[in-house]
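Summary of structural features
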Amino acid sequence: MPSVRPGDEGAHGPLWSEPGTLLEHVPVAVFGLDHDHDHRIRYWGPGARELFGHDSPGSLSRPGALLFAGSPAGGSSSEICAGLVERALGQGYWRGGLTARHRDGTAFDCGFRAFPVTGTDGHPVLMVLASRSAELDRVKTNLAFLDALFATCPVGLVMFDADLRHVHLNQAMADMDGLSVEAHLGRTTDDVVILADGGAYDRMLRTVAADGVPVIGALVGMRPRGRPDQDQVRSVSFFPLSGTAGSRPGVGGLVIDVTDREQAILEATASRQRLALLDRAATRIGTTLDVNLTAQELVDVVMPDFCDGAVVEIVEWMDASEAFDPDLPLLTRRIASGTVLPPPATELVSGVDSVRYPPGSAVHDMLRANRPVCAVVDEDFVARTVPLESRARLLAGSGLGCVLVAPLIARGTVQGIAMFGRSTQRPVFTEDDLALAGELSSRAAICLDNARLFSRVQDISRTLQRALLPSALATSPYVEVAHRYLPGSHLTEVGGDWYDVIKLPGGRIGLVVGDVMGHGVPAAAAMGRLRITTKALARHDSDPAALLTELDACAQESGIELATCLYIVYDPADGLARIASAGHLPPLVLRPDGAVDTVGEVLGVPLGVGGVPFRTTEAELAEGSVLALYTDGLIETRGRDIGAGLDALRTELGAAGPATLDGLADRMLAQLLPGPPADDTVLVLARVHRRTPERGRPIP
């Protein structure tokens, strides 16, 4: 509010503010009047000079009437002055308002206080105190406001003296402390509140008193002695008291209980942190279908925001339908762990693979309740849960103060447990933390269950693939074979590509490679049917074209719509290869001179189409030639068409050099498929030899 000069009362309302203290802007005139009929001025103080404008030498011994103005009712200044003296002498004390006159002739309302005293000559002298009425009214109004403020303000107001003892406070402050106003007076803050700040609060008050620098909105945690069961957070503002107008110096303060606000802020912050943790869990847990990696993802997500250490264990049930028996030990297998605490906590969480929990352990409590439980790490917890003395010593020295155990439940079955631990330096787990752990464990359990089911599917698929593909290829002194199979599906690791080496009468060898359209178990099942049929037909010494004709009929009867097959019969007696193809890629031959050619140019139509005859072609193979049979996964990749892939295969085969067939097969796969294949891939390399006396007689 703006500062105003006396006499400018019309420029403001009933309350306004001026620089300095309230009393500094209320001039009080003190003067003395004689009791004689002229009521002459006997004493003239500095305040009187300021109020009335007369200096001391010019005022003494002059009639007191010059200080008053006549009243509208007709009374003269002398009569007014005489009336004041008469009433004061008669009553012993008088106060009231009269119209005063300034030396410059202006009149103003003035409040007077008058009482008689005995002068040096033994005669009575009337002492008078006077102030402008407007300024007195302002003081009254402001004091009334201050009184109302102290009486009704919901904010704690307090005043300390220079020794930081309570000298004044309002009821709100007393209620905050749980003590009466009277119980505060003369006592320090240590007498009314319990602080655990090492004296920081007291130092703050003393700094305000000594340096005069205010403190605004500082947050202080304390416990009132009048309410020792309630922790409070207060927002405090302190300012120095000036000691003007004879008041004692000290410190004034405003105190607000913000416990609920701070608690709400803490809860909101905690809620945001919980939501952020759940969001991270949703994106980071279950990124793979690997059980161990999924469990480790849960451990990594919860540290260090939620806990200081965590482990994930899979329950070793005898079978999926086994019921939990709280009277029996529980066996688990630890598959993931981690901690941010120093040793021995690291050894505690990672130094064991199999864990045995005795009946009555915290894990049994969790399984019995079928929900997360929390336990303080004390002697009872250690005795019930960690029977091994060596592990108990690690737990005691780990710094963990509490442990939360949560079940990993999927499809109504406890798949495992997750354990989260906090150090003694952090708060224990709350009910909200239990709920959060339950949510995290539920999400992780679903991901772990999916990973375990996928592992089972993989096992079944691998078993199927091994059963469908030849476990051992036929051998012959006339044909050396190296073979490679790479599944293109990373989900099931099975596909429709197949191959075989078949021993035929007369020392001949049948080489087969095929490809069923599609991936996964259906393609593998179709492939297995075709491979078995092919082997059975080949043993009847069928012509390659005739074999494919029968195989095509089998494919149609089995509902196999599209499959390719290449069948070669090699006769070591004359070095001839008789070849028939059902829409398959032509084989390549690496001749002894290093040239690479294509053999069996007729591709034919795929199996399952029907109505188109197959043809058998012949090609003579030189001693030591290498046949290359393959499927399209080897040459057709993303970003490279089949023609470019075939050229690359020719180049790699031509660079064989003196390498063995196995070495050549590995090098060709590394060069042609530097990364995981996008499609099933088969490569069969066969080095052929002529029948000579050194190689023996034909095999019947």
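Rules and cut-offs
- Residues numbered from 1 in each chain as written.
- Predicted model: local features only at pLDDT ≥ 70, side-chain atom pairs only at ≥ 80, totals over all residues.
- Heavy atoms only, no water.
- Pairing = 2+ DSSP bridges.
- Helix = DSSP H or I, 4+ residues; strand = E, 2+ residues; numbered from the N terminus.
- Axes fitted to C-alpha atoms, helices over the stretch in contact; angles between N-to-C directions.
- Salt bridge = Lys/Arg side-chain N within 4 Å of Asp/Glu carboxyl O.
- Buried < 20%, exposed > 50% of the residue type's maximum accessible area, 1.4 Å probe, protein only.
- Contact = heavy atoms within 4.5 Å.
- Phe/Tyr/Trp six-rings, centres within 6.5 Å; stacked < 30°, edge-to-face > 60°.
- Lys NZ or Arg CZ within 6 Å of the ring centre and 35° of its normal.
- pLDDT = per-residue confidence, 0-100.
- Left-handed = near helix turned anticlockwise from the far one by under 90°.
- Nonpolar A, V, L, I, M, F, W, Y, C, P; charged D, E, K, R; others polar.

**With respect to the sheet that holds strand S27 (residues 681–688)**
Each strand in a sheet pairs with another by means of backbone hydrogen bonds, the pair being arranged parallel or else antiparallel. Across the sheet, 5 strands lie side by side as S18-S27-S26-S23-S24; this open sheet has antiparallel pairing. Only two strands of the sheet have a single neighbouring strand rather than two, namely strand S18 (479–486) and strand S24 (596–598). Across the sheet, the mean angle from the axis of one strand to that of its neighbour is 20°, orientation sign disregarded. Bridge count between strand S23 (residues 588–590) and S24: 3 bridges; the pairing is antiparallel.

**Section: the pattern of salt bridges**
Taken as a whole and judged by the stated rule, the model has 29 salt bridges. Here Glu389 and Arg393 are joined by a salt bridge, their closest N and O atoms 3.2 Å apart. With a gap of 4 residues between them, Glu389 and Arg393 both fall in helix H14 (residues 389–397), about one helical turn apart. Assessed through its relative accessible area of 58%, Glu389 is described here as exposed. Measuring nitrogen to oxygen at the nearest pair gives 3.9 Å for the salt bridge that ties Arg687 to Glu480. Residue Arg687 is located in strand S27, and its partner Glu480 is located in strand S18; the two are separated by 207 residues in the primary sequence. For Glu480, a relative accessible area of 36% translates into the label partly exposed.

**Topic: the sheet that holds strand S11 (residues 250–257)**
Pairing within the open sheet is antiparallel, and its 6 strands lie in the order S7-S6-S11-S10-S9-S8. Two strands lie at the open edges of the sheet, namely strand S7 (166–169) and strand S8 (193–194), each paired on one side alone. Bridge count between strand S6 (residues 156–161) and S7: 3 bridges; the pairing is antiparallel. Counted as the bridge partner of Phe160 is His166 from S7. Those strands touched by helix H8 (residues 200–211) are S6, strand S9 (215–224), strand S10 (232–241) and S11, and its axis lies near 20° from that of S10.

**Regarding the pairing of strand S26 (residues 626–630)**
The element S26 is extensively covered by neighbouring structure, given that 5 of its 5 residues are classed as buried. Taking every second residue as pointing to the same face, both faces of S26 are buried, with Val626, Ala628 and Tyr630 on one and Leu627 and Leu629 on the other. Direction of pairing for S23 relative to S26: antiparallel, over a ladder of 3 bridges. The residue of S26 that forms the bridge with Leu590 is Val626.

**Topic: the packing of aromatic side chains**
With the rule as written, the count across this model stands at 9 aromatic pairs. Summarising the aromatic geometry, the rings of Trp44 and Phe52 are spaced 5.9 Å apart at their centres and angled 45° between planes, so their arrangement reads as tilted. On the basis of relative accessibility, which here comes to 6%, the residue Trp44 falls in the buried class. Seen from their ring centres, Tyr201 and Phe238 are 6.1 Å apart, and the 65° between their planes marks the pair as edge-to-face. Here the residue Tyr201 occupies a position in helix H8, and Phe238 occupies one in strand S10, the gap between them amounting to 37 residues. Phe238 shares its class with Tyr201; the two are buried. Over the ring of Phe108 we find Arg132; its NZ or CZ atom is 4.3 Å from the centre of that ring. For the cation-ring pair, Arg422 lies above Phe306, with the distance from its terminal atom to the ring centre recorded as 5.4 Å.

**A look at the confidence of the model for the protein**
Scored by pLDDT, the protein comes out at a mean of 85, with 89% of its residues at no less than 70. Every residue in residues 1–22 is under pLDDT 50, and counting partners more than four places away or in other chains gives 28 contacts.

**Some thoughts on the packing of helix H18 (residues 642–654) against helix H19 (residues 661–672)**
In the contact formed by H18 and H19, the axes pass within 10 Å of each other and the chain directions differ by 145°. Read as a crossing pair, H18 and H19 show a hand that is right-handed. For the pair H18 and H19, contact is made by Ala648, Leu649, Glu652 and Leu653 and by Leu664, Arg667, Met668, Gln671 and Leu672, respectively. When the residues that make up the contact of H18 with H19 are grouped by side-chain class, the tally is 6 nonpolar, 1 polar and 2 charged.

**With respect to unusual backbone geometry**
Here the bond from Met303 into Pro304 is cis, since omega is -5°, no more than 30 degrees from zero. Inspection of the secondary structure assignment puts Pro304 in the loop between helix H10 (291–302) and strand S12 (309–315). Along the chain, Pro343 connects to Pro344 via a cis peptide bond; the corresponding omega equals 10°. Relative to the elements of secondary structure, Pro344 occurs in the loop between strand S13 (330–339) and helix H11 (345–350). Even without glycine at this site, His39 takes up a positive phi of about 50°. In this structure, Leu164 is a non-glycine residue whose phi angle is positive, near 60°. A relative accessible area of 4% means that Leu164 is categorised as buried.

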